[in-house]
Amino acid sequence: MINIRGAQASDVDQIRDVFHVCYGDDYPYAQFYDLDSLTRMVYSEHQILLVAEDTATHRLLGTASVVLETDAF
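A few points on the structure.

Procedures and definitions
- Residues numbered from 1 in each chain as written.
- Predicted model: local features only at pLDDT ≥ 70, side-chain atom pairs only at ≥ 80, totals over all residues.
- Heavy atoms only, no water.
- Core = buried A, V, L, I, M, F, W, Y, C linked by side-chain atoms within 4.5 Å.
- Buried < 20%, exposed > 50% of the residue type's maximum accessible area, 1.4 Å probe, protein only.
- Helix = DSSP H or I, 4+ residues; strand = E, 2+ residues; numbered from the N terminus.
- Arc of directions from axis to C-beta.
- Contact = heavy atoms within 4.5 Å.

**Observations concerning the nonpolar core**
Nonpolar side chains in soluble globular proteins tend to end up buried together. Counting 13 residues, the largest nonpolar core has A7, I15, F19, F32, L38 and L49 as its most contacted members. Counting only elements with at least two residues in this core, the list comes to α1 (12–23), α2 (35–43) and β2 (47–54).

**Some thoughts on α2**
Buried within α2 we find S37, L38, M41 and V42. Along α2, the residues classed as buried sweep out an arc of 145° about the axis, all on the same side. Counted as exposed and oriented over 90 degrees from the buried face of α2: D36, R40 and Y43. Close packing links the buried residues of α2 with α1 and β2.

Next comes the structure, spelled out in structure tokens:
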């Protein structure tokens, strides 16, 4: 079973791993490889960071984020 939930600080290592597996070393958004940046994203009031977790193994299978700021990009 898969559970979609808000990311927690304890997830940042696995979130980085998901990005690395998906995008390799050349992903242009370096903040997704930096543990401090990912931790700030978890606690940010300007975006929502979600994870898809295998409930049996607690392994993260994917991640998604929603930027809440108007005109952010």
